[in-house]
There are 2 protein chains.
Amino acid sequence: MPKPVMDFWFDFASVYSFLASMRIAPLAEAAGVSVRWRPFLLGPIFAAQGMQDSPFNLFPTKGKHMIRDVQRNADEIGVGFQWPSVFPQSAVLASRVALVGLKEGWGEDFCRAVFHAEYAENRIISEQAVIGDILTKLKVPVDAAFASAQADEIKAVLRENTAEAQKLGFFGAPTFTTADGELFWGNDRLEQALRWAKK
Amino acid sequence: MPKPVMDFWFDFASVYSFLASMRIAPLAEAAGVSVRWRPFLLGPIFAAQGMQDSPFNLFPTKGKHMIRDVQRNADEIGVGFQWPSVFPQSAVLASRVALVGLKEGWGEDFCRAVFHAEYAENRIISEQAVIGDILTKLKVPVDAAFASAQADEIKAVLRENTAEAQKLGFFGAPTFTTADGELFWGNDRLEQALRWAKK
């Protein structure tokens, strides 16, 4: 019997997507669920809901708590964390490269490395040099990856993911969706989403 | 050695406070943590942050998902749930009566019964008759409880709880605070807050 499938929707700009990216692989393995990593862009979705910035910037009291909450969660899972000097960061470049990698087999490692660079190393992931460093460390040919990331087909997938996320009623990230159309929002719903996917 | 203490801050208008109220007693018992139930009012706190209504009403996409999320969580813990015909409901009367009960020893049962009436039985908890029914079922003298709930001292405690919540930087409910000043927001942080309180 094929494994049940769950989609993991994330935006590199989302700090709770960072936590989920660090946790999902072993949990999905243990649950026997196959996960599809699907980058999308929250910006247009927030804008359609009247927000021109991250809710954590728009509601500073919530934003202040969020940083502490992420720190506690990162400590519990043993992952480094430091609040980046730029937030949110544009995820367009990293998402396109990720889509190339997800086709070619190095995508999940790349995604984890990007999230780690952004939220544990205070690097600016919208910079081509930073993405290039990550690719080099993963032994991925840098120029070829950047060239593929500019292909119309890749750009289209990112647009389509974002449009699908909007159509499905997303309002944040990470979001998990199961084959029967159930939607789970937030890193703290990851285990529950996996239980649902297994049903 | 005295048990560590954790404060459980809730608003009867808050549906995730309902879920936390149904879960907290056995989890705190197992963790060896003593919990103080502290009703407060979210309304003035949301208003100070520019929101004149529940965020779930202000952001309908989020509100729609919230109902489904609460349903799934209620199912997992085996508690009934139906979305009330009025949301949010005024918690002033129920909170004042709860404060009387928390002094007299019947407060936690009363709080659970109020939350259940509101979120599993579609009853309107701002109505004196509904609160009276709950008191009767708990064998609490109704007239005496209502009289005590109107005392200046009780009204002052509710105002002070709300002022303290605002000063501590609350932005939602439930919120858990520990003796060392840590703040945890959300039903999904209950277990983590208890682990922290035990440290």
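The text that follows walks through the structure, step by step, so that each part is easy to find. (Residues numbered from 1 in each chain as written. Chains lettered and ligands numbered in written order. Predicted model: local features only at pLDDT ≥ 70, side-chain atom pairs only at ≥ 80, totals over all residues. Heavy atoms only, no water.)

Section: the sheet that holds strand β3 (residues 175–178) of chain B
All names here are of chain B. One open sheet accounts for 4 strands, arranged β2-β1-β3-β4; its pairing is mixed. Looking along the sheet, the strands with just one partner apiece sit at the ends: β2 (34–39) and β4 (183–185). The average undirected angle you get between the axes of adjacent strands in this sheet is 20°. Those strands touched by helix α1 (residues 15–31) are β1 (5–10), β2 and β3, and its axis lies near 160° from that of β1. The strands that helix α10 (residues 190–198) touches are β1, β3 and β4; relative to β3, the one it contacts most, it runs at about 10°. (Pairing = 2+ DSSP bridges. Helix = DSSP H or I, 4+ residues; strand = E, 2+ residues; numbered from the N terminus. Axes fitted to C-alpha atoms, helices over the stretch in contact; angles between N-to-C directions. Contact = heavy atoms within 4.5 Å.)

Some remarks on the relation of the copies chain B and chain A
Overlaying chain B with chain A gives an RMSD of 0.0 Å, the required rotation being 180° about an axis along which the chain moves by 0.0 Å. Expressed as a symmetry operation, the mapping of one chain copy onto the other fits a two-fold axis. Scanning chain B for the C-alpha nearest the rotation axis identifies Asp188(B), at a separation of 3.5 Å. A symmetric contact is evident, with 100% of the interface residues of chain B recurring at the interface of chain A. (Least-squares fit on C-alpha atoms with pLDDT ≥ 70 in both.)

Side note on unusual backbone geometry
Residue Ala173(A) is joined to Pro174(A) through a cis peptide bond whose omega torsion reads 0°. The omega torsion across Phe87(B) and Pro88(B) is -10°, close enough to zero to call that bond cis. By the element assignment, Pro88(B) lies in the loop between α4 (60–77) and α5 (92–104). Positive phi, normally seen in glycine, also occurs at Asn122(A), with a value near 50°.

Details of the interface of chain B and chain A
Contacts between the two partners involve 24 residues from chain B, matched on the other side by 24 residues from chain A. Counting each side, the surface lost to burial between chain B and chain A is near 2200 Å², with a carbon and sulfur contribution of 48%. If you sort the residues of chain B by the area they bury against chain A, His65(B), Arg72(B) and Arg189(B) come out on top, with a joint share of 24%. Where chain B touches chain A, the interface holds 10 salt bridges. Salt-bridge contacts for Arg189(A) lead to Asp188(B); the nearest nitrogen and oxygen are separated by 2.7 Å. Along the contact surface separating chain B from chain A lie 18 residue pairs in polar contact (both at pLDDT 80 or more). Contributions of two or more residues to the side of chain B that touches chain A are made by α4, β4 and α10 of chain B. Per element, the largest residue contribution to the side of chain B that touches chain A is 8 residues, and it comes from α4(B). (Buried area = accessible area lost by both parts, 1.4 Å probe. Salt bridge = Lys/Arg side-chain N within 4 Å of Asp/Glu carboxyl O. Polar contact = N/O pair within 3.5 Å; in protein donor to acceptor, adjacent residues only side chain to side chain.)

Looking at α5(B)
Residues and elements named next belong to chain B. If you check α5, its first and last C-alpha atoms are 19 Å apart, about what 13 residues at 1.5 Å a residue would give, namely 18 Å. For α5, the full list of buried residues reads Leu93, Ala94, Ser95, Val97, Ala98, Leu99, Val100 and Gly101. Trailing α5 by a residue or two, Gly105 shows a phi angle of about 100°, which is positive. (Expected span 1.5 Å × (residues − 1). Buried < 20%, exposed > 50% of the residue type's maximum accessible area, 1.4 Å probe, protein only.)

Some remarks on the pattern of salt bridges
Side chains that carry opposite charge are capable of pairing whenever their charged atoms lie near each other. In the structure shown here, the tally under the stated rule is 28 salt bridges over all chains. Notably, a salt bridge pairs Arg195(B) with Glu76(A), separated by 2.9 Å at the nearest N-O pair. In this pair, Arg195(B) is assigned in helix α10 and Glu76(A) in helix α4 (residues 60–77), connecting two distinct chains. By relative accessible area, Arg195(B) is classed as partly exposed at 44%. Across the salt bridge formed by Arg68(B) and Glu182(A), the nearest N and O atoms sit 2.4 Å from each other. Residue Arg68(B) is located in helix α4, and its partner Glu182(A) is located in the loop between β3 (175–178) and β4 (183–185); the two belong to separate chains. Salt bridges linked by common partners bring Arg68(A), Asp69(A), Arg72(A), Glu182(A), Asp188(A), Arg189(A), Arg68(B), Asp69(B), Arg72(B), Glu182(B), Asp188(B) and Arg189(B) together as one network.

Focus on helix α9 (residues 152–167) of chain A
All names here are of chain A. Between the first and last C-alpha of α9 there are 22 Å, a value that for 16 residues agrees with the 22 Å anticipated at 1.5 Å per step. Burial in α9 covers these residues: Ile154, Ala156, Leu158, Asn161, Thr162 and Ala165. On its buried face, α9 sits against β1 (5–10), β2 (34–39), α2 (42–48), α5 (92–104) and α8 (142–149). Once α9 finishes, Gly169 follows within two positions and takes phi at roughly 85°, a positive value.

Observations regarding the side chain of Arg189(A)
Relative to the elements of secondary structure, Arg189(A) occurs in the loop between β4 and α10 (190–198). Among the polar contacts listed, one links the side chain of Arg189(A) to the side chain of Asp188(B), at a separation of 2.7 Å. Apart from residues no more than four positions distant in its own chain, Arg189(A) is found in contact with Phe176(A), Phe184(A), Tyr16(B), Asp69(B), Asn73(B) and Asp188(B).

Digging into the pairing of β2(A)
All names here are of chain A. The pairing of β1 with β2 spans 6 bridges and is parallel. By the bridge assignment for β2, Val5 is matched with Ser34. Remark: the β1/helix α1 (residues 15–31)/β2 crossover connection has right-handed handedness. (Right-handed = clockwise from strand over helix to strand, strands pointing away.)

With respect to the packing of aromatic side chains
All names here are of chain A. For the structure shown, the criterion picks out 38 aromatic pairs over all chains. An aromatic cluster is built from Phe8, Phe10, Phe12, Trp37, Phe115 and Phe176, whose rings are joined through pairwise contacts. Sitting above the plane of the Trp196 ring, Lys199 keeps its charged end 3.7 Å from the centroid. (Phe/Tyr/Trp six-rings, centres within 6.5 Å; stacked < 30°, edge-to-face > 60°. Lys NZ or Arg CZ within 6 Å of the ring centre and 35° of its normal.)

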